[in-house]
Amino acid sequence: MKKNNFDTYLVENMYTADPSAHVFEGKVYIYPSHDLGNDNPDDGSGDHFWMEDYHVYSMDEIGAPVVDHGQVLHMKDVPWVSEQMWAPDAATRNGKYYLYFPAKDKDGIFRVGAAVSDRPYGPFVPEPNYIEGSFSIDPAVFADTDGEYYMFNGGLWGGQLEKWQTGEFVTGAPANQPGTDGPQGDEPALRPWIAKMNEDMVSFAHAPKYIDMLDADGTPMKSKFNDRRFFEAAWVHKFNNKYYLSYSTGDTHNIAYAEAENVYGPYTYKGIVLEPVVGWTNHHSICEVNGEWYLFYHDSGISGGHTQLRGIKYTKLNIAEDGTIETVQAYRDDETKLNVARMLKSKGGDVHAFSKELGLNDELLQKV
Ligand code: FUB
């Protein structure tokens, strides 16, 4: 077990992604995806993101060695799942711990499942079926200060959110023509949904409701603003009594955020949390540890730039008194830029292809 630093990979013996971090029982627990990858084409369908199980990680405190608690759930133990266990999250209530995960059911439709444990580090026992009413990907379960819990969820393209516009799953355009069956141009962008959890934490108190997402001027967010409209990877944190919904913008690779007075919204666009990282996806969580805020995220430097083979990291997040988040450039100084670039190169990656994300100028490129 080695000590970790900001911006270094937390796990090096396997590929991990989509880190959801929480403080449970005084420790920092991380619930990531476990990337296995496959040879499917990177065509926007998401079929190259191949995951079959979950591991849980913890740190006794920020900067402490990362402990791998081993495999806590495998696809073969979940009766309703056919493939692709994507980005998970976790929550605790009444002494129990819950792992939430999206996966395709036997009809190839993404649903959200729940699994239960007495401990934050599992193993988790899955519910026999997915959560009734759930669809699409990337569950994030937010524990509000009044003791209520809410699931936020949804993701475009491979995450199938476009296919639910009628309220039913409609196959629509082929999955390898991403976005073609979603709204375009000036039409309102697709939105994530929210559902309040019942006290059992494995069912919803009401059907999922789409969240109103507004641009900074208060008008509904338009599809054409793909540098800031919702795509996937919803996460919610509360700061000074306001709610902050952060999310990936997908094909523009930002993590953006929006603010609301009410957990159900409307959420108004505020800015960018994290600039694009190495690899296509950007997916994060925001966690408060002893009064300081941290951003957990991933990139693909660890695999030489393969989008479907990622490594999780974290860094400090600065939030101003009024809730404004200071934008993070993951490769903040020359040393970090060079470290990631050299790792990428040592794994056979094309450093020039990621020079923009890494912020490498000609002088630094020569040093890689
Ligand atoms: O890890 C698989 C998918 O990639 C996640 O569900 C998305 O958020 C993206 O990170």
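Everything below is about the structure printed above this text.
What you see is a predicted model; the values in this text were computed from it and never measured.

> Describe the pattern of salt bridges, and please don't skip the residues or the numbers.
This model, assessed by the stated rule, comprises 23 salt bridges. Between E148 and R93 there is a salt bridge whose closest N-O contact spans 4.0 Å. Residue E148 is found in the loop between β10 (140-143) and β11 (149-153), and its partner R93 is found in strand β6 (residues 89-93); the two are separated by 55 residues along the sequence. Under the relative-accessibility criterion, E148 is labelled partly exposed at 23%. With a shortest N-O distance of 3.8 Å, K196 and E148 are connected by a salt bridge. Separated by 48 residues along the polypeptide, K196 in strand β12 (residues 193-196) and E148 in the loop between β10 and β11 bring together distant segments of the chain.

> Give me helix α1 (residues 334-346): which residues, what numbers.
Across its 13 residues, α1 extends 18 Å between first and last C-alpha, which sits within 8% of the 18 Å expected from 1.5 Å per residue. Where α1 is concerned, the buried positions are T336, K337, L338, V340, A341 and L344. Taken together, the buried residues of α1 touch β20 (292-299), β21 (311-317), α2 (355-358) and α3 (362-367). G348 sits one or two positions beyond α1 and adopts a positive phi of about 90 degrees.

> Now, about the environment of F169: what can you tell me, with residues and values included?
Here F169 is to be found in the loop between β11 and β12. In sequence terms F169 and F135 are 34 residues apart; their C-alpha atoms lie 8.9 Å from each other. The contacts of F169, once residues within four sequence positions are left out, are I109, Q160, K163 and W164.

> Explain the pairing of β6 to me, and be specific about the residues and the numbers.
A large share of β6 lies buried, amounting to four of its five residues. Where β6 lies against strand β7 (residues 96-105), five bridges are found, and the strand directions are antiparallel. The partner of D89 across the bridge, within β7, is Y100. In this antiparallel pair of consecutive strands, β6 and β7, the connection spans two residues, and N94 shows a positive phi of 50 degrees.

> Before we move on, could you go through the site of the ligand and cite the residues and values that matter?
For the ligand, the full set of nearby residues is D18, M51, W86, A87, I137, D138, E232, T281, H283, H298 and R310. With the chains in place, 99% of the 270 Å² that the ligand exposes on its own is no longer accessible. Classifying every residue of the shell around the ligand by side-chain character gives four nonpolar, three polar and four charged.

> Account for the sheet that holds β20, naming residues and giving values.
Taken in spatial order, the three strands line up as β19-β20-β21 in an open sheet, and their pairing is antiparallel. Two strands in the sheet have a free side with no partner beyond their single neighbour: β19 (285-289) and β21. Shown here is a sheet whose adjacent strand axes are inclined to one another by a mean of 30 degrees, direction ignored.

About the cut-offs
Residues numbered from 1 in each chain as written. Predicted model: local features only at pLDDT ≥ 70, side-chain atom pairs only at ≥ 80, totals over all residues. Heavy atoms only, no water. Salt bridge = Lys/Arg side-chain N within 4 Å of Asp/Glu carboxyl O. Helix = DSSP H or I, 4+ residues; strand = E, 2+ residues; numbered from the N terminus. Buried < 20%, exposed > 50% of the residue type's maximum accessible area, 1.4 Å probe, protein only. Expected span 1.5 Å × (residues − 1). Contact = heavy atoms within 4.5 Å. Pairing = 2+ DSSP bridges. Near = heavy atom within 4 Å. Areas by Shrake-Rupley, 256 points an atom, 1.4 Å probe, with all protein chains shown as cover. Nonpolar A, V, L, I, M, F, W, Y, C, P; charged D, E, K, R; others polar. Axes fitted to C-alpha atoms, helices over the stretch in contact; angles between N-to-C directions.

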